[in-house]
Amino acid sequence: MPSAGPAAPLRPERYDALMLLGHAFSTGWVEVIAGPMFSGKSEELIRRVTRAIIAKQHVQVFKHAIDDRYASMAVASHAGRTLEAELVTSPAEVLERLEPGAQVVAVDEAQFLDIQIVDVVQHLADAGKRVIVAGLDLDFRGEPFGPMPELIARAEVVEKLTAICRCGLAATRTQRLIQGRPAHFNDPTVLVGAAESYEPRCRACHVVLRGPRETPLFAADASAY
Ligand code: ZN
């Protein structure tokens, strides 16, 4: 950690394990924060980035432009904390916008980016940067989501967060509800006009409909993409 003043004595109890990683890895490294919706991934990313900023490190934060839930230019947690972010639609844009001297590069909602994000993240870590990636590890079907499995495999450190299921146990999955009913495995990922909602669920409470539909998916006001 660069510091202008005299070096303070290392007091490990004042640093969390991730700060100590800087001592464990002499080069760059990759941290992945994974988990279902409502598990605090963005909150944890904001916490880590905020600490890096306080440590006067050069930080850049990116997120996929599809995530417009709360604010167009910010990483926002469900708890309401925000952090300025640059919107990208492709992994190549991360490299294009990279500022000289960037030490810490954070990417939120990484599950929406294509598989090229793996090469970009590897390149950044190889170049000596700390890379923090947050994203959904599983989609609403409970299947591995986009580039996340490969990012998790290549990361030095992975933290899987959980939310709280309606039954009170730890939720590891995201339940998708369309017009109040569990989504079908074959339902399109993007629906326009349908009333959708998401809930954190544990393995036992997570429902994915399979086989023939008992009820039609679409009401008159919904259309599929
Ligand atoms: Zn449950």
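Above this note sits the structure.
Right, let's walk through the structure included here. (Residues numbered from 1 in each chain as written. Predicted model: local features only at pLDDT ≥ 70, side-chain atom pairs only at ≥ 80, totals over all residues. Heavy atoms only, no water.)

**Description of the side chain of Arg-201**
To be explicit about the condition: The secondary structure listing takes helices from DSSP runs of H or I that are at least 4 residues long and strands from runs of E that are at least 2 residues long, numbered from the N terminus. For every residue, the accessible area (1.4 Å probe, protein chains only) is compared with the maximum for its type, and the residue is labelled buried under 20%, exposed over 50%, or partly exposed between those bounds. For this analysis, residues touch if any pair of their heavy atoms sits within 4.5 Å.
Note on placement: Arg-201 falls in strand β14 (residues 196–201). You can call Arg-201 buried: its relative accessible area is 4%. The residues touching Arg-201, leaving out its near neighbours within four places in the chain, are Cys-165, Arg-166, Ala-171, Thr-172, Arg-173, Gln-175, Leu-177 and His-206.

**Comments concerning the pattern of salt bridges**
We apply this condition: Within this document, salt bridges are pairs made up of a side-chain nitrogen of Lys or Arg and a carboxyl oxygen of Asp or Glu, the two lying within 4 Å of each other.
Applying the stated criterion to the full structure yields 12 salt bridges. Bridged by salt links that share partners, the residues Glu-31, Glu-44, Arg-47, Arg-48, Arg-130 and Glu-159 form one connected network.

**As for unusual backbone geometry**
With phi around 65°, Lys-56 is a residue other than glycine that occupies positive phi space. In this fold, Lys-56 is placed in the loop between α2 (41–54) and β2 (59–64). With a phi close to 50°, Gln-179 is a non-glycine residue in the positive phi region. Tracing the backbone through its elements, the reader meets Gln-179 in the loop between β11 (173–178) and β12 (181–182). Given a relative accessible area of 27%, Gln-179 falls into the partly exposed group.

**Some remarks on the coordination of the zinc ion**
Test applied: Only nitrogen, oxygen and sulfur atoms within 2.8 Å of the metal, or 3.2 Å for Na, K and Ca, are treated as donors, and water is left out, so sites may look incomplete. In these descriptions, tetrahedral denotes four donors with every angle between 85 and 135 degrees, square planar four donors and octahedral six donors with opposite donors over 155 degrees apart and the rest between 65 and 115, and irregular any other case.
Only Cys-165 (SG), Cys-167 (SG), Cys-202 (SG) and Cys-205 (SG) from the protein coordinate the zinc ion, and they sit 2.3 to 2.4 Å from it. Classification of the site at the zinc ion as tetrahedral follows from its 4 donor atoms and the range of 101 to 117° in their angles at the metal.

**Here's the deal with the sheet that holds strand β1 (residues 29–35)**
So the rule is basically this: Strand pairing is defined by DSSP finding a minimum of two bridges between the two strands. The angle between two axes is taken between their N-to-C directions and runs from 0 to 180 degrees, where each axis is a line fitted to C-alpha atoms and a helix contributes only its stretch in contact.
In space, the 6 strands of this open sheet follow the order β5-β2-β6-β7-β1-β8, with parallel pairing throughout. Whereas interior strands pair on both sides, the edge strands pair on one side only; in this sheet they are β5 (86–88) and β8 (157–160). Across the sheet, the mean angle separating the axes of adjacent strands is 20° when strand polarity is ignored. Two elements, β2 and strand β6 (residues 104–108), share 5 bridges in a ladder whose sense is parallel. When the bridges of β6 are listed, Gln-60 appears paired with Val-105. Set on the sheet, α2 makes contact with β1, β2, β6, β7 (130–136) and β8; between it and β7 the angle comes to about 165°. Strand contacts of helix α4 (residues 116–126): β1, β6 and β7, with the helix running at about 155° to β7, the strand carrying the most contacts.

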